[in-house]
Amino acid sequence: MPSSGHRLRDVEHHPLLAENDSYDSSSSSSSEADMADRVWFIRDGCGMICAVMTWLLVVYADFVVTFVMLLPSKDFWYSVVNGVLFNCLAVLALSSHLRTMLTDPGAVPKGNATKEYMESLQLKPGEVIYKCPKCCCIKPERAHHCSICKRCIRKMDHHCPWVNNCVGEKNQRFFVLFTMYIALSSVHALILCGLQFVSCVRGQWTECSDFSPPVTVILLIFLCLESLLFFTFTAVMFGTQIHSICNDETEIERLKSEKPTWERRLRWEGMRSVFGGPPSLLWMNPFVGFRFGQLQTRPKKGGPEFSV
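No experiment lies behind these values; they were computed from the predicted model shown.

Q: Help me understand the UniProt feature "transmembrane region" (unreviewed entry) in the chain, please; the structure alone is not making it clear to me.
A: Mapped onto the present numbering, the UniProt feature "transmembrane region" (unreviewed entry) falls at residues 45-70, 76-94, 174-197 and 217-238. For residues 45-70, helix accounts for 100% and strand for 0%, while the C-alpha atoms at its two ends are 36 Å apart. Helix makes up 100% of residues 174-197 and strand 0%. Its end C-alpha atoms lie 34 Å apart.

Q: Can you walk me through a nonpolar patch on the surface in this structure?
A: A contiguous nonpolar patch, built from Phe76, Trp77, Val80, Val81 and Val84 and spanning about 530 Å² of accessible area, is present on the exposed surface. If you trace the backbone, Val84 turns up in helix 3 (residues 76-102).

Q: Hey, could you run me through helix 3 in this one?
A: The α-helix advances 3.6 residues per turn, and as a result positions three or four apart in sequence lie on the same side. Helix length check: helix 3 (27 residues) gives 38 Å between terminal C-alpha atoms against 39 Å at 1.5 Å per residue, within 8%. Backbone nitrogen of Trp77 and a side-chain oxygen of the N-cap are separated by 3.4 Å at the start of helix 3; the cap is Asp75.

Q: Whenever I open this one, empty space enclosed by the protein confuses me. Can you help?
A: Any empty space left between the atoms is revealed when a probe the size of a water molecule rolls over them. Overall, the coordinates contain three cavities of 30 Å³ or more when judged by the stated rule. There is about 110 Å³ of room inside the largest cavity. In terms of lining, the largest cavity is formed by 13 residues, of which the most central are Ala61, Phe86, Ser185, Ser186 and Glu226. For the lining of the largest cavity, the elements supplying multiple residues, two or more each, are helix 2 (45-70), helix 3, helix 5 (172-202) and helix 6 (213-247). Within the lining of the largest cavity, the residues separate by chemical class into nine nonpolar, three polar and one charged. The calculated volume of the second largest cavity comes to roughly 90 Å³. Looking at the lining of the second largest cavity, the elements with two or more residues in it are helix 6 and helix 8 (268-275). Considering each element in turn, the lining of the second largest cavity owes the most residues, three residues, to helix 8. Its residues placed into classes, the lining of the second largest cavity shows two nonpolar, five polar and six charged.

The rules behind these values
- Residues numbered from 1 in each chain as written.
- Predicted model: local features only at pLDDT ≥ 70, side-chain atom pairs only at ≥ 80, totals over all residues.
- Heavy atoms only, no water.
- UniProt positions renumbered as here; feature names shortened; annotations may be inferred.
- Helix = DSSP H or I, 4+ residues; strand = E, 2+ residues; numbered from the N terminus.
- Patch = residues over 30% accessible without salt bridge, like charges linked within 9 Å, V, L, I, M, F, W, Y side chains within 5 Å.
- Areas by Shrake-Rupley, 256 points an atom, 1.4 Å probe, with all protein chains shown as cover.
- Salt bridge = Lys/Arg side-chain N within 4 Å of Asp/Glu carboxyl O.
- Expected span 1.5 Å × (residues − 1).
- Polar contact = N/O pair within 3.5 Å; in protein donor to acceptor, adjacent residues only side chain to side chain.
- 1 Å grid on protein atoms, 1.4 Å probe; cavity = no way out; pocket = protein on both sides within 12 Å on 5 of 7 lines; lining within 4 Å.
- Points joined across faces, edges and corners; volume = space filled by probe spheres on them.
- Nonpolar A, V, L, I, M, F, W, Y, C, P; charged D, E, K, R; others polar.

As structure tokens, then:
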């Protein structure tokens, strides 16, 4: 039980801790530093299946674009330019997907609601701090508990099964890049499909592809449907994410109609806080901040998430 000088409540929000508050003890500091050097991964069956499906659909699109449409083309530069462009978009999209999935979204350390930690906060008499009853942690402002990750996540926007992770404070930029590159590659695929249909109708179906006409039609139709669905979903998600960033309001906060108790960072200030630094091409790069040392094998711990 905490001392009589302050109170501890098992509720969802708390107004006293800033987002960058951390342990003062050396053990907790080393623990957070150790977690920063690990790859985050959620062991959720549905999320892992959705993530694998995402990769398979992107690989399928790349196969159809490359082997059905571009390689059989007689226009060399048309094939080269579109092949390089589409594959670059695919690589950037999958890289952003990996960074989103394998980056700690901003998990609050479990079980930090200890007497030592509360004493380190130097609370005034009568001040109230809030504890999550599910993961037994002191909840920073704007943190919410995810039932799938089984952790409290700072600035949690939502849990996305397609990236098998929460979208939060530390990986939102990669999720935005993922939706953007998927939307761009989907538009590119739709344009190429349209041009391919026109080319095959004007010429001979047997000459516009190395596959038989029925197989070519089926592959192109499926790619068109996939691209249309992917574009619709990712374009909407991209728009909502940019809107949330520019208004400094997560999706959970919007749905709950929470009144902001924090200093809001609007428009470009919000974009800079998520993407880091002034506007530049680095905002479009999912490899920024990546370190190969993060891939070193480390002992696994129990729970729905583990590090490798």
